[in-house]
Every structure is written in structure tokens, then in C-alpha cells.
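Examination of the molecular architecture
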Amino acid sequence: KQYILFVAMRVNTPTKGFKYLKEALQIWQNENPEAAKNTELLLVGNILDPTEINALPLPSTALGHITDPAKMRLIYSAADVFITPSLEENLPNTIMEAMACGTPCVGFQVGGIPEMIDHQINGYVAEYLSANDLAKGIQWTLSHAPGEAARNKVLASYQEDIIAAKHIELIQKYFPNASEA
């Protein structure tokens, strides 16, 4: 079985792109009927309108709001692809968390998402507001399984020591006498 994962504090909040997720899944299912038979959508977060979940084109399991980091790691690791169709984002922790667990990601070309996902290397960056391209991203990611590349991106870019060194570099650049204080 293949698992597609969607995570949001409030799953069907309009800014999280639930409408585009639903549309993309329908397109993907229509184009990949055999694969869709063995694919399930996992939803993590609070659901505002349960009737929308029942109308999804794939079998779906609502896991609710998860606060246990160990349980969340297991969910990310079980997924074959993490999809974030958010309409606005900065640098989403969910992408970093999924990639750290070896789960490739698909998201719109908005905010910091294109900085995190290297298009067709460790995931897929879809054209903004295009459910068709989001569906292509799901297919590309499932067929290429770039999980190792996703994990490597996190190790190379977002480890604590790397982030700390970048902060020190910025402080030294803009406050050269800061270490004397």
C-alpha cells in the first residue's frame, strides 16, 4: 500500500490548500486508477468539516491532532509522499520534518517551499494554484521515490550545527564587534 500524507493544524483551512489537495487527488486517481486502488491518504490535524473528508477520492484515515513526536516520526516515515498544497508559507517545519524522516515532499511554488524542495531531486515543486501540476508532482514523487535525497537535503541544510554557524556568520557580518562585548 502507498500512503500520501497531509498535515495541518486545521486540515481544511482554506489557506492550507485543502481544495487543491482534493482536486489533485481526483486528477491523480483518474490518471492512475490501478495505483489509486492501493493508495490511502493519511490526514493529521483537526478536521473542521468531516463531510469534506468523506468526499475525498481516495480512502482516507484521519489520525487527529498528534502531539507525540515519536508517533509523528512514525507517521512521516510510513508515508511515501508528503503533500503541502499551502497557499502561503514561510519555511514549513512539516516539510523539514517529513524530509528528515526520508519522506519526499510535494508543494506549491510559494514562500520558502522552493528553497526546501529541490524540484525533481528530493520532491516536486508544483506551479502555484495548479491542481494538475500538484497531481503530476504526486505521480513523479511516487514513481521516483526520492526519499534518500530528501533526507540528505535536511542533513546538509538544516542540522543544528549548520543553522548555528549561519547565525554566527550573520551576527559577525552585521555586528563585527559583538564578540568583544
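Residues numbered from 1 in each chain as written. Predicted model: local features only at pLDDT ≥ 70, side-chain atom pairs only at ≥ 80, totals over all residues. Heavy atoms only, no water.

With that out of the way, let us pick up the sheet that holds strand 4 (residues 81-84). One open sheet accounts for six strands, arranged 3-2-1-4-5-6; its pairing is parallel. This sheet does not close on itself; its edge strands, each paired only once, are strand 3 (60-64) and strand 6 (123-126). Averaged over all pairs of adjacent strands, the angle between their axes in this sheet comes to 20°, without regard to strand direction. Across three bridges, strand 4 lies against strand 5 (residues 105-108) in parallel orientation. (Pairing = 2+ DSSP bridges. Helix = DSSP H or I, 4+ residues; strand = E, 2+ residues; numbered from the N terminus. Axes fitted to C-alpha atoms, helices over the stretch in contact; angles between N-to-C directions.)

Okay, the pairing of strand 1 (residues 2-10) next. When strand 1 meets strand 2 (residues 39-46), the two strands line up parallel, connected through seven bridges. When the sheet's bridge partners are listed, Leu5 is paired in strand 2 with Leu42. Here two bridges tie strand 1 to strand 4, and the two strands are oriented parallel to one another. Bridge pairing in strand 4 links Ile4 to Val81.

Moving on, we come to the layout of surface pockets. Its boundaries defined by the atoms lining it, the largest pocket holds a volume of some 320 Å³. Lining the largest pocket are 20 residues, with Val7, Ala8, Met9, Tyr76 and Thr94 sitting closest to its centre. Put simply, the parts of the chain that give the lining of the largest pocket at least two residues each are strand 1, strand 2, helix 4 (69-78) and helix 5 (93-100). For the lining of the largest pocket, the leading source of residues is strand 1, giving four residues. Each residue belonging to the lining of the largest pocket can be placed in one class, and the counts come to 10 nonpolar, seven polar and three charged. (1 Å grid on protein atoms, 1.4 Å probe; cavity = no way out; pocket = protein on both sides within 12 Å on 5 of 7 lines; lining within 4 Å. Points joined across faces, edges and corners; volume = space filled by probe spheres on them. Nonpolar A, V, L, I, M, F, W, Y, C, P; charged D, E, K, R; others polar.)

Summarising the element assignment, Gln120 is placed in the loop between helix 6 (113-116) and strand 6. Separated by 45 residues in the primary sequence, Gln120 and Ala165 have C-alpha atoms spaced 28 Å apart.

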